[in-house]
Amino acid sequence: TNRKQIAIDGPASAGKSTVAKILAEKLGFVYCDTGAMYRSLTLVALNNKVETNQEEALLDLLNGISITFKQMADGQHVFIDDQDVTTQIRGERVTSYVSEVSSFKSVREEMVRRQQKLADKESIIMDGRDVGTVILPDADLKVFLVASVDERAERRFKENKSKGMTVDFSGIKADIIRRDEYDMTRKNSPLTQANDAILVDTTGLSIAEVVLEIEKLAKRNF
Ligand code: C5P
């Protein structure tokens, strides 16, 4: 087939979704933000007072909801059933519980099943933690995006501030470090660079420069 797959993985706030969105638009690919799916489940758990350490209860919740992406005038929105949760899933509470929710095997298996189904239909660019290693092991291009922790915290600080969120630099930095540590050391599909992924260090690079770099890699790999 002519369908293409690009996998972008890396630690928190490395700019994965920002560049993936731009690339998807440029290339005419579907964009799937796998982190948004875990965030959505986390939001449902918190709203339903389901403990985020209860694997079976979380899986039950997941099996009862659909998580979809819809292209709207101002970009891609995330829906749980027919509820737009695009903004809510970025909140501090969701962010602090999402790694625990993401650590369970059965939850991940169901997410991966849904993610692979999305990739079945069209050319896709997907970002997350296990795209190159688990979801799309045969992707045409795999990128592992990294940046120094200070730069990542700085970017997230500015992004949150521009959204009108209350921001605290040291809190953001501490959360990034905590989440990376949790994601890299968990038992089920931990965050790791796939053997055939290309490392791109974005420290000191602009968004446009990172996009250009990945476009070059795509041309070489397709
Ligand atoms: O990408 P984002 O920061 O929104 O992801 C939130 C969290 O979801 C990550 O810190 C990680 O715990 C989890 N996640 C995951 N696997 C993915 C994507 C996200 O475990 N493919």
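The rules behind these values
Residues numbered from 1 in each chain as written. Predicted model: local features only at pLDDT ≥ 70, side-chain atom pairs only at ≥ 80, totals over all residues. Heavy atoms only, no water. Helix = DSSP H or I, 4+ residues; strand = E, 2+ residues; numbered from the N terminus. Rg over C-alpha atoms; globule rule 2.2 N^0.38 Å. Buried < 20%, exposed > 50% of the residue type's maximum accessible area, 1.4 Å probe, protein only. Contact = heavy atoms within 4.5 Å. Areas by Shrake-Rupley, 256 points an atom, 1.4 Å probe, with all protein chains shown as cover. Lys, Arg positive; Asp, Glu negative; His and termini not counted. Charge placed at Lys NZ, Arg CZ, Asp CG, Glu CD. Near = heavy atom within 4 Å. Polar contact = N/O pair within 3.5 Å; in protein donor to acceptor, adjacent residues only side chain to side chain. Nonpolar A, V, L, I, M, F, W, Y, C, P; charged D, E, K, R; others polar. Arc of directions from axis to C-beta. Phe/Tyr/Trp six-rings, centres within 6.5 Å; stacked < 30°, edge-to-face > 60°. Lys NZ or Arg CZ within 6 Å of the ring centre and 35° of its normal.

**Student:** What exactly am I supposed to notice about the overall build of the protein chain here?
**Tutor:** Along the protein chain, the regular secondary structure elements total nine helices and eight strands. Taking 222 residues into account, the globule formula puts the C-alpha radius of gyration at 17 Å, and the protein chain, at 17 Å, falls close to it. A principal-axis box enclosing the C-alpha atoms of the protein chain has dimensions of 50 × 40 × 40 Å. For the protein chain, the proportion of its 222 residues judged to be buried stands at 48%. Of all intrachain contacts in the protein chain linking residues separated by at least 6 positions in sequence, the fraction that spans at least 24 positions is 73%. Summed over all atoms, the accessible surface of the protein chain reaches about 11200 Å², with 50% contributed by carbon and sulfur. Looking at the protein chain, you have 32 positive and 35 negative side-chain charges, and the mean spots of the two groups are 2 Å apart.

**Student:** Any chance you could explain the site of the ligand here in plain terms?
**Tutor:** Near the ligand lie 15 residues; those nearest to it are Arg 39, Arg 108, Asp 130, Asp 183 and Arg 186. Between an oxygen atom of the ligand and a side-chain N or O atom of Arg 179, the distance comes to 2.9 Å. Compared with its free state, where it exposes 450 Å², the ligand has 96% of that area covered by protein. Residue assignment for the shell around the ligand shows that the elements contributing at least two residues are helix 2 (34–47), helix 4 (92–101) and helix 8 (169–185). Broken down by element, the residue count for the shell around the ligand peaks at four residues, all from helix 2. For the shell around the ligand, the class distribution of residues is two nonpolar, five polar and eight charged.

**Student:** What's the story with unusual backbone geometry in this structure? I'm lost.
**Tutor:** Note on backbone geometry: most residues besides glycine have negative phi, and most peptide bonds are trans. Backbone geometry at Ser 13 places phi at a positive 60°, although glycine is not the residue there. Among the structural elements, Ser 13 can be located in the loop between strand 1 (5–9) and helix 1 (16–27). Owing to a relative accessible area of 10%, Ser 13 belongs among the buried residues under this scheme. The phi angle at Asp 81 is positive, at roughly 50°, despite the residue not being glycine. Following the sequence through the fold, Asp 81 ends up in the loop between strand 4 (75–80) and strand 5 (83–84). Judged by relative accessible area, which is 39%, Asp 81 ranks as partly exposed.

**Student:** Could you clarify how one ought to interpret helix 3 (residues 55–63) in this entry?
**Tutor:** Since the α-helix turns once every 3.6 residues, residues separated by three or four places project in the same direction. What helix 3 keeps buried is the set Leu 58, Leu 61 and Leu 62. Each buried residue of helix 3 sits inside an arc of 100° when the element is viewed along its axis, so together they form one side. Relative to its buried face, helix 3 has exposed residues pointing more than 90 degrees away, namely Glu 56 and Asp 60. Where helix 3 is buried, its residues meet helix 2, strand 3 (67–72), helix 4 and helix 5 (105–121).

**Student:** What exactly am I supposed to notice about the packing of aromatic side chains here?
**Tutor:** The description of an aromatic ring pair rests on the distance of the ring centres and on the angle between the ring planes. Counted by the stated rule, this structure contains two aromatic pairs. Taking the centre distance of 6.4 Å and the plane angle of 15° together, the rings of Phe 29 and Phe 222 count as stacked. Within this pair, whereas Phe 29 is found in the loop between helix 1 and strand 2 (30–33), its partner Phe 222 is found in the segment after helix 9 (207–221), the two being separated by 193 residues in sequence. Aromatic side chains Phe 157 and Phe 169 sit 6.1 Å apart centroid to centroid with 75° between the ring planes, which places their arrangement in the edge-to-face category. Placement of Phe 157 in helix 7 (residues 149–162) and of Phe 169 in helix 8 is noted, with a sequence separation of 12 residues between them. Owing to a relative accessible area of 28%, Phe 169 belongs among the partly exposed residues under this scheme. Here Lys 4 stacks its cationic end above the ring of Phe 222, 5.4 Å away from the centre of that ring. Over the ring of Phe 79 we find Lys 70; its NZ or CZ atom is 4.0 Å from the centre of that ring.

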